[in-house]
Amino acid sequence: MSPASTGASGTVDAAMPAPSVDSTACDSRMSPGGPGYRRMSLALFLAGVATFALLYSTQALLPLISGEFGVPASEASWTVAAATGGLALFVLPMSALSERFGRRTVMTASLAVAVTVGLLVPFAPSIGALVVLRAVQGAALAGLPASAQAYLAEEVRPKALVTAIGLFVAGNSVGGMSGRVITGWVAQEWGWRVAVGAIGVIAVGCAVAFRLLLPAPRHFTAGSLRPRVLLGTVRAHLANPLLRRLYAIGALFMTVFGGVYTVIGYRLTEAPFGLPQGIAGSIFLVYLVGTVSASVAGRLVGRLGRRGALYLAGGTTAGGLLLSLAPALPLVLLGLVLITAGFFAGHAVASSAVSKTALHGRAQASALYQSMYYIGSSVGSTVGATAFHAEGWAGTVGVGLLAVAGVVTITVLGSVAARRSVVATAH
């Protein structure tokens with residue numbers, strides 16, 4: 001591998017024999033145990049915590065929001081769908097800004113705006129105002145996911161990329177878990193407004209620590225903001241069959257996850273379980289399982305290959321959905337554990353594959369993935385809530401199983417395409 005391809009500096013005389021040393025020795029990008037890697041990992045972990053804690057801050061509080069404003073679950077769920085929808089719409093433009101002004105700059109600005117809005121959310125006077133504020137907050141957070149993955153793809157050695165992205169996704173799971181657990185217990189004592197305000201304060205601390213810890217980029221090259229260049233890059237990514245499959249897989253996995261966790265609070269606080277708000281919010285501790293499954297995604301890919309890891313993630317998610325239909329609370333909890341583990345593993349595998357597949361315009365490639373991913377979240381939260389209103393928990397599970405079937409189908413098509421490619425190359 002040439003120095004240019006590894007990101008290292010210097011030249012090699014073409015007439016000289018190749019040196020008998022590991023080609024990674026001259027690679028200046030970060031790797032586990034190397035300078036800056038721990039600071040980078042912690043910084044992006046905290047960014048992931050803040051992103052998911054803010055993005056889903058109202059999800060565990062939907063029964064209380066429904067009660068205060070007198071709206072059904074399908075309408076209250078828009079406080080989640082508006083945030084994820086705003087992120088999905090703005091992630092591509094924000095990724096273009098990161099190509100021009102730098103990953104760290106855009107991520108810092110996005111967090112600053114998002115936490116500011118987060119401190120205003122508790123004062124929303126109506127459900128409409130709350131939905132609007134949440135949409136603005138989601139749009140602000142759009143600068144985080146794609147820029148973070150592009151930063152990692154540029155600053156981390158390829159062999160460590162899946163693990164590094166897995167740690168960022170693990171931060172997402174911790175943020176989602178802690179945000180929901182904290183809001184559940186705080187809301188039980190002081191109401192949902194104080195609960196979302198507490199999340200805003202925590203996110204401020206994460207944002208400050210992120211900016212202080214993240215190392216300055218060393219391999220970033222500024223790109224162009226010209227719309228023609230951006231559209232050309234987007235078209236090139238959408239013309240790649242593998243990227244299209246990965247985008248669809250991310251959207252379908254998130255459809256399952258968004259649907260399940262948007263309505264699980266209603267199921268647990270209503271008959272036959274009737275759990276108090278604090279206990280129902282604590283259910284989100286199962287996100288810790290997602291932290292583990294995301295962080296070991298690299299090992300799964302190493303043992304099973306990308307498609308094998310996706311089959312395992314899809315099967316685990318489907319098993320959890322079916323188990324959650326049981327009327328016994330322990331079985332429901334076990335089902336949530338399996339759903340969470342399968343989702344985070346599948347998401348880490350698919351998102352890291354996007355970063356490795358895109359050889360140019362990585363921010364746009366990651367942005368397209370994130371856009372589809374959060375569109376899946378918005379669809380899952382609204383369709384899942386509507387299905388729950390019509391058919392109960394079985395309706396939400398049915399939506400999830402259809403999405404998992406889509407993941408498996410797309411992965412099978414990818415396997416067929418790969419075999420055909422091998423045969424064509426052989427001929």
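What you are looking at is a predicted structure, and each value in this text was computed from that prediction instead of being measured.

Definitions and limits used
- Residues numbered from 1 in each chain as written.
- Predicted model: local features only at pLDDT ≥ 70, side-chain atom pairs only at ≥ 80, totals over all residues.
- Heavy atoms only, no water.
- Helix = DSSP H or I, 4+ residues; strand = E, 2+ residues; numbered from the N terminus.
- Contact = heavy atoms within 4.5 Å.
- Phe/Tyr/Trp six-rings, centres within 6.5 Å; stacked < 30°, edge-to-face > 60°.
- Buried < 20%, exposed > 50% of the residue type's maximum accessible area, 1.4 Å probe, protein only.
- 1 Å grid on protein atoms, 1.4 Å probe; cavity = no way out; pocket = protein on both sides within 12 Å on 5 of 7 lines; lining within 4 Å.
- Points joined across faces, edges and corners; volume = space filled by probe spheres on them.
- Nonpolar A, V, L, I, M, F, W, Y, C, P; charged D, E, K, R; others polar.
- Expected span 1.5 Å × (residues − 1).
- pLDDT = per-residue confidence, 0-100.
- Core = buried A, V, L, I, M, F, W, Y, C linked by side-chain atoms within 4.5 Å.
- Salt bridge = Lys/Arg side-chain N within 4 Å of Asp/Glu carboxyl O.

Chemist: Requested: an account of the environment of Phe 220, with residues and values cited.
Modeler: Tracing the backbone shows Phe 220 in the loop between α10 (192-213) and α11 (227-238). On a C-alpha basis, the gap between Phe 220 and Leu 152 in space is 11 Å, while along the polypeptide they are 68 residues apart. For Phe 220, the contacting residues outside a window of four places in its chain are Ser 98, Glu 99, Arg 100, Phe 101, Gly 102, Arg 103, Glu 154 and Glu 155.

Chemist: Help me get a handle on the packing of aromatic side chains, residues and values and all.
Modeler: Taken as a whole and assessed by the stated rule, the structure comprises ten aromatic pairs. Between Tyr 266 and Phe 388, the ring centres sit 6.4 Å apart and the planes meet at 40°, which makes this aromatic pair tilted. Residue Tyr 266 is found in helix α12 (residues 241-269), and its partner Phe 388 is found in helix α17 (residues 362-391); the two are separated by 122 residues along the sequence. Exposure class is identical for Tyr 266 and Phe 388. Each is buried. Look at Phe 343 and Phe 344: their rings are 4.8 Å apart centre to centre, the planes differ by 70°, and that puts the pair in the edge-to-face class. By relative accessible area, which is 0% here, Phe 344 ends up buried. Joined through ring pairs, the aromatic side chains of Phe 257, Tyr 261, Phe 343, Phe 344, Tyr 369, Tyr 373 and Tyr 374 make up one cluster.

Chemist: Explain empty space enclosed by the protein residue by residue, including any values.
Modeler: This structure, assessed with the given rule, holds three cavities of 30 Å³ or more. Here the largest cavity is characterised by a volume of approximately 60 Å³. Lining the largest cavity, in full, are Thr 51, Phe 52, Pro 145, Gln 149, Phe 168, Val 169, Asn 172, His 347, Gln 370, Tyr 373 and Tyr 374. Residue assignment for the lining of the largest cavity shows that the elements contributing at least two residues are α2 (37-55), α8 (145-155), α9 (161-190) and α17. Looking at the lining of the largest cavity residue by residue, the classes come out as six nonpolar, five polar and no charged.

Chemist: Before we move on, could you go through α10 and cite the residues and values that matter?
Modeler: If you check α10, its first and last C-alpha atoms are 32 Å apart, about what 22 residues at 1.5 Å a residue would give, namely 32 Å. Listed in full, the buried residues belonging to α10 are Trp 192, Ala 195, Val 196, Gly 197, Ile 199, Gly 200, Ala 203, Cys 206, Ala 207 and Phe 210.

Chemist: Report on the confidence of the model for the protein, specifying residues and quantitative values.
Modeler: Overall, the predicted model of the protein reaches an average pLDDT of 83, with 90% of residues at or above 70. The lowest-confidence element of the protein is helix α1 (residues 3-6), averaging 36 in pLDDT; the highest-confidence one is helix α7 (residues 127-141), averaging 94. When the criterion is pLDDT under 50, residues 1-24 qualifies, and its contacts beyond four places in sequence or with other chains add up to 14 contacts.

Chemist: Now, about the nonpolar core: what can you tell me, with residues and values included?
Modeler: Within the largest apolar cluster, 120 residues are counted, with the highest numbers of intra-cluster contacts made by Met 40, Leu 44, Leu 152, Tyr 261 and Tyr 374. In terms of residue count, the dominant contributor to this core is α12 (14 residues). Residues within four places of Leu 44 in sequence aside, it is in contact with Met 107, Ala 148, Tyr 151, Leu 152, Phe 168, Phe 210 and Leu 214.

Chemist: So what's going on with the pattern of salt bridges? Residues and values would help.
Modeler: Enumeration according to the criterion identifies two salt bridges in this entry. Between Arg 103 and Glu 154 there is a salt bridge whose closest N-O contact spans 2.4 Å. Placement of Arg 103 in helix α6 (residues 103-120) and of Glu 154 in helix α8 is noted, with a sequence separation of 51 residues between them. Both residues of the pair, Arg 103 and Glu 154, count as buried.

Chemist: An account of the side chain of Ser 110 is requested, with residue identities and associated values reported.
Modeler: Among the structural elements, Ser 110 can be located in helix α6. Judged by its relative accessible area of 2%, Ser 110 is buried. Here Ser 110 is in contact with Met 94, Ala 140, Gly 143 and Leu 144, once residues within four sequence places are set aside.

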